[in-house]
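# Notes for the structure review
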Amino acid sequence: MQNNQLDSMDRRILGVLTQDGRASLQEIGKQVGLSSSPCWQRIKRMEEAGIIQGYQARIDMASLGYGEGLIVMVTLDQHGDEVLATFEKALAEIPEVIEAYLVSGEYDYFLRLAVKDTRDYERLLREKLYKIPGLRHSVSSFVLRQLKAASVPL
């Protein structure tokens, strides 16, 4: 099953799940106009096809003591497979890195970080990020306010 094989009912189900991943089959069915059984069959089919890749909770990072969010753009010295793999493995081991994207354009990676404050970010830079081999340059921007968070346009 590919994206172009989704019909409008599948997309409505995905819309409900995007808003509330814990919605019951009855709730989803009511919102999209299906009974529980066909609703479950469609969800199961989308899970098996990898369209639905999992369910997760959105966490308020500030309530866990992470008061600052950052976007960090990173440039590497080289772009060979080994350098990229080493960098990506190092990122995976840093818990403050909550999202990482290999991108095209002026920078090689966009990272989203969560830190407690500016001193915590300084510590993260010195103790972790700047110690990753191959990192040539980084530019950081503190997130002032999140305006939108969505998974996909449905």
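Residues numbered from 1 in each chain as written. Predicted model: local features only at pLDDT ≥ 70, side-chain atom pairs only at ≥ 80, totals over all residues. Heavy atoms only, no water.

On to helix α3 (residues 36–48), then. For α3, which comprises 13 residues, the first-to-last C-alpha distance of 18 Å matches the rise-based estimate of 18 Å (1.5 Å per residue) to within 8%. Buried residues belonging to α3 abut α1 (8–19) and α2 (25–32). Two residues or fewer past α3, Gly 50 is found with a positive phi of approximately 85°. (Helix = DSSP H or I, 4+ residues; strand = E, 2+ residues; numbered from the N terminus. Expected span 1.5 Å × (residues − 1). Contact = heavy atoms within 4.5 Å.)

Turning our attention to the packing of aromatic side chains. Here the distance between the centres and the angle between the planes together describe a pair of aromatic rings. Enumeration over the complete set of coordinates arrives at 3 aromatic pairs. Ring centres of Tyr 107 and Phe 110 lie 6.4 Å apart, and the angle between their planes is 55°; on these two criteria the pair is classed as tilted. Judged by relative accessible area, which is 16%, Tyr 107 ranks as buried. (Phe/Tyr/Trp six-rings, centres within 6.5 Å; stacked < 30°, edge-to-face > 60°. Buried < 20%, exposed > 50% of the residue type's maximum accessible area, 1.4 Å probe, protein only.)

A separate point is the sheet that holds strand β3 (residues 109–115). Overall, antiparallel pairing links the 4 strands, which are arranged β2-β3-β1-β4 in an open sheet. With one partner strand each, in any of the chains shown, β2 (97–102) and β4 (135–142) form the two edges of the open sheet. Strand after strand, the sheet turns through a mean of 20° between neighbouring axes, direction not considered. Note that β2 and β3 share 5 bridges and pair antiparallel. Its bridge partner being in β3, Ala 100 is matched across the sheet by Leu 111. Packed onto the sheet, helix α5 (residues 118–127) meets β1 (68–76), β3 and β4 and runs at close to 130° relative to β3. (Pairing = 2+ DSSP bridges. Axes fitted to C-alpha atoms, helices over the stretch in contact; angles between N-to-C directions.)

Burial of nonpolar side chains together is a common tendency in soluble globular proteins. Membership of the largest hydrophobic core comes to 20 residues, with the highest contact counts inside it found for Val 74, Phe 87, Leu 111, Leu 113, Tyr 121 and Leu 129. In terms of nonpolar packing, the next biggest core, distinct from the first, is built from 13 residues, Leu 6, Met 9, Leu 14 and Ile 28 among them. (Core = buried A, V, L, I, M, F, W, Y, C linked by side-chain atoms within 4.5 Å.)

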